[in-house]
Amino acid sequence: MRLMIMFDLPMTSSENRRNYRKFRKALISEGFLMMQFSVYVRVCPDSKNAKSIEKRVGAIAPKDGLVQAVMLTEKQYQAMHFISGEPSHDILNSAERTIMI
């Protein structure tokens with residue numbers, strides 16, 4: 001299971017920029033990896049864990065702007081199409097990183 005967080009936060013004031021940096025650092029400390037600017041993803045063992053993490057992200061999300069979450073199975077994530085650009089072939093973005101217990 002993958003949890004993807006997408007956000008569009010205002011950057012018009014110093015407070016907005018501070019909130020953006022704080023939120024981004026919090027996502028990284030929660031184990032999220034940046035796919036693109038404002039799109040972060042994390043591997044979760046199951047949907048219950050993903051929902052728990054989604055709830056924690058909701059608690060740290062800035063009040064201004066838009067923050068969205070979507071849960072994807074490994075099969076859905078691996079079926080992603082690249083219309084432009086090249087996919088990253090590092091271990092962080094592959095199914096080889098997933099360990100089944």
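Just so it is clear, the model here is predicted, and its values are computed rather than measured.

Caption draft 1: Structural detail: the overall build of the protein chain. Within the protein chain one finds 3 helices and 4 strands. Along the protein chain, helices and strands appear, N-terminal first, in the series β-α-β-β-α-β-α. Counting over 101 residues, the protein chain shows a buried share of 27%. Split by element, the accessible area of the protein chain, about 7200 Å² in all, is 55% carbon and sulfur.

Caption draft 2: Structural view of the pattern of salt bridges. Under the definition given, this model contains 2 salt bridges. In this structure, the salt-bridge partner of glutamate 30 is arginine 56, at a minimum N-O distance of 2.7 Å. One end of the pair, glutamate 30, is in the loop between helix H1 (14-29) and strand E2 (33-36); the other, arginine 56, is in helix H2 (residues 47-60), with 26 residues separating them in the sequence. By relative accessible area, arginine 56 is classed as partly exposed at 39%.

Cut-offs applied
- Residues numbered from 1 in each chain as written.
- Predicted model: local features only at pLDDT ≥ 70, side-chain atom pairs only at ≥ 80, totals over all residues.
- Heavy atoms only, no water.
- Helix = DSSP H or I, 4+ residues; strand = E, 2+ residues; numbered from the N terminus.
- Buried < 20%, exposed > 50% of the residue type's maximum accessible area, 1.4 Å probe, protein only.
- Areas by Shrake-Rupley, 256 points an atom, 1.4 Å probe, with all protein chains shown as cover.
- Salt bridge = Lys/Arg side-chain N within 4 Å of Asp/Glu carboxyl O.

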